[in-house]
Amino acid sequence: MRDIFLCLGFIIFIILTQPFFSQAVSAQNNVSGDDEDTESDLVVRIVRFSGNQNISDGTLRTLVRTDNNREFLGIPRFTPWYYFWQLFGVGESPAYLDRDMVANDIERIQIYYENLGYFETEVDTSIIEYREDRVEVSFIINEGPRSRLRSVSYTGLPEFDSSELTNRFYLNSEFYSSFLNDSTFEVDEPYLLQKLRSEQTRIITFLKNHGYASVQRDSVQALAKQVDSTSNLYDILFTIRSGRKYIFGDVHIELTGPSEQDTTIFDENRTFSGEPYTEPGFTIYTKKQTEAQTRFSLLTEQIRYMPGETFDQSAYLRSVNSFQNLGMMITNRFSLHESNSVPDFSRSQIPSYFELETIPKHSIRTEFFGMRRYGFGTGFGINYNNNNLSGRADNLSLGINTSLEYVTSGTLREIAPRDEDTGNRTSTGSAIFQSYELRAEYTVPRLNFPFDALRNRSWIQTARTRYGLTYSQSDQLFFDINSDIRFNVRYEVTHNDRFTSFFDLIEMDIIDTDPSSQFELNLINEYGEGSIEILRIREDFRPQFSSIIRYALRNRDTNIIKRNYGYSREFSAAVGGNTPYLIDRFLVSPGEIQETLPSPFGISTNALAYSRFIKFSADYRRYFSLSKNTVFAIRGYAGIAHPIFQSNSIPLSRRFFAGGSNDIRGWNPFRLGPGDLKPEEVPVPGGEIKLSAYKELRQIFLRNVFSANWHIAWHTDAGNVWYGPKSSLVDEEGNELLDPGRFYIDEFYNQIAVGSGIGLRLDWEFLVARIDFTFRVHDLQQGWFENKTAYFSFGIGHSF
């Protein structure tokens, strides 16, 4: 324990004394060279805000540029890097007072208040030299009253082809409420410039999506009129100048190959006119080079509109995204004009131009590796990838991994079980263990059967269908994996920037293991005949057929690396075991339910067990930016899996687990729970119910050190897993073994494990490295605050 804190102290000392040589040289040059030119050498030590009753200090600090030196962990006036500069000439140079910057800060604060409707706000400053060359800068704010909106109305809206469009325009308004008349909303809310701008953007987007392509920002203006001179109420009038209506013109697509050749020479060209490609009188022109090895039909399928239709900017952008998401080509240029970036609005038709280039079609990756477990071994892997198999952007990936391990007779003799009669080791001779894995994955950038009819729906931005098949065999010490077959069909749909759906129509895992008699003897010698541990391990290695149908919806609005704002939500629902059940009922033994299936292809004589179940989970994450250096993150997770019909267990791969660096820290992965059971008492790993909650406070205390931002984090994790009400495992005497770890409504809260501690984050642009030291605040075996051990964990990326 002492060594851990000594180590942490040494790391912090190195961090704090890490010399910023470039900053130091620059700072000293500035000091020596600018003494005659600067107005003063006053150092800003304190920045205060007063009078801001409705806006927090933290928000105002993000607006101003006048600031004191960086404070360690946000402790006021504790600026170690500035102190190091004073003592040694390295670190962070003083934050000198700049009166011009203060004047600009006043203007920034005033504009911010005006954007929130405080039109009478007054901002002044007070600069006090409280010690020699040390000043306090105070921003004195008189906020004044906040203005409110009384009504929002619209004028100049064009006549659409249907009244439904007009109704939709008003229904989607940011200010939708009760109508005063057919174009005016009665509102009663604070004035917010950002909301007015959002409404302006919505109007522009709506018009562009319904033919009015020439609409610009100055085409839609919001005019504010004060109700009377004594009130702070305003009426808002949006004036709209939509211009003329446009239609899509011809489409021009050029596709070049990956080779270095003249991009103006094309070997093939084809035109498409009429249904289902265009309206009468319009054409899609396509050209391609032979090296592109792509079908013309793939190119036309990415166009999400028909030339001759009313112009729709959203359909045009979906077409661009469709090309960009194929994965086998890059988009060099897309435009609504042959040579310029701005369309020619003098004509009623707006043509489209796409210049594309394919990437190399074939790639092969190989790897060699060494290994050592019980002996010495080596392995080899090769992966072939074809990113455009049939000319329709379909990706085929084939791979094989194989390994050999040589174990000497002496090693085998040391770990072999002893004969019960003689006490001698039962193993003789050396052995070679071998394993191999075959993989195949086929991916197409569209929805395939049975959802191909949904391809061009407006709520689908991009889609992908994946087919995966893996087969492996392995010789292990004292047990063999006769076969492990995995097959998956997955549909991935991106609806927009935030929503994504995942649907696993088929996900099967057939595992057929064959433990040897030596394996059984080892277990008996170590745990004793009929022990709970032996029952648990037998369950782990039970031959089984697992299948699942699952749907997951993800709603995410955050940076997946930084995770410093926004939220992430994910919900999933699944039904398992139906595939082996149908095989059992209609193929293996028609009309009779055996609840087992034979080994595939007759590889072994084992019977594969299966179970039927339902499973639900919900994951919610929220990130609050408290300041430019501080983030408060929370997460909640809940999941339940329940056997249905005659089944009374959940396959091992479908259960919930707790513990680990990305879950409840302070416990090893998969070693927490179920309930308050000790790891050695657990009859079946994992549980059918999981509840957990997490929080983390992250504070940046160093910026751009070794090209990374350094965070210190305080985390607290709580939760556990439990057996469900229907799961069952009975020993030879008929005793139920799962009751001690089962979920009971009047007991579960006493079985919530809690871990808390501190950690360090190194945040590069595309990578976050993480270390944590966690104390078991509530150790389920020792109680609250009884375990004084600090548990170390390391991870890549934020834990949530």
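Preceding this section is the structure that the text describes.
Quick summary incoming for the structure in this document. (Residues numbered from 1 in each chain as written. Predicted model: local features only at pLDDT ≥ 70, side-chain atom pairs only at ≥ 80, totals over all residues. Heavy atoms only, no water.)

**What about unusual backbone geometry?**
Thinking step 1. The residue after Glu275, namely Pro276, is reached through a cis peptide bond having omega 0 degrees.
Thinking step 2. Within the fold, Pro276 resides in the loop between strand 10 (268–273) and strand 11 (283–288).
Thinking step 3. Cis rather than trans, the peptide bond between Phe449 and Pro450 has omega equal to 5 degrees.
Thinking step 4. Along the chain, Pro450 turns up in the loop between strand 17 (431–444) and strand 18 (462–476).
Thinking step 5. Although it is not a glycine, Gln293 adopts a positive phi angle of roughly 50 degrees.
Thinking step 6. Assignment of secondary structure puts Gln293 in the loop between strand 11 and helix 8 (296–301).
Thinking step 7. Not every positive phi belongs to a glycine, and Phe785 is a case in point at roughly 60 degrees.
Thinking step 8. Following the sequence through the fold, Phe785 ends up in the loop between strand 31 (783–784) and strand 32 (790–796). (Helix = DSSP H or I, 4+ residues; strand = E, 2+ residues; numbered from the N terminus.)

**Quick word on the nonpolar core**
Thinking step 1. Grouped together as the largest cluster of nonpolar side chains are 27 residues, with contacts concentrated most on Ile253, Leu299, Tyr305, Phe323, Met329, Phe354 and Leu356.
Thinking step 2. If you list the elements that add at least two residues to this core, you get strand 9 (247–256), helix 8, helix 9 (313–324) and strand 13 (349–358). (Core = buried A, V, L, I, M, F, W, Y, C linked by side-chain atoms within 4.5 Å. Buried < 20%, exposed > 50% of the residue type's maximum accessible area, 1.4 Å probe, protein only.)

**Focus: the packing of aromatic side chains**
Thinking step 1. Scanning the entire structure with this criterion turns up 40 aromatic pairs.
Thinking step 2. Taking the centre distance of 5.5 Å and the plane angle of 80 degrees together, the rings of Tyr154 and Phe169 count as edge-to-face. With Tyr154 in strand 4 (residues 148–155) and Phe169 in helix 6 (residues 163–171), this pair connects stretches of sequence that are 15 residues apart. Per residue, the accessibility class of Tyr154 equals that of Phe169, and both read buried. (Phe/Tyr/Trp six-rings, centres within 6.5 Å; stacked < 30°, edge-to-face > 60°.)

**Some words on the sheet that holds strand 1 (residues 43–50)**
Thinking step 1. Here we have three strands laid out as an open sheet, ordered 1-3-2, and mixed in their pairing. Each having just a single partner strand, strand 1 and strand 2 (122–131) make up the two edges of the open sheet. The sheet shows a mean angle of 20 degrees between the axes of neighbouring strands, taken without regard to direction.
Thinking step 2. Two elements, strand 1 and strand 3 (residues 134–142), share seven bridges in a ladder whose sense is parallel. Residue Val47 lies in a different strand from strand 3, and its bridge partner there is Val137. (Pairing = 2+ DSSP bridges. Axes fitted to C-alpha atoms, helices over the stretch in contact; angles between N-to-C directions.)

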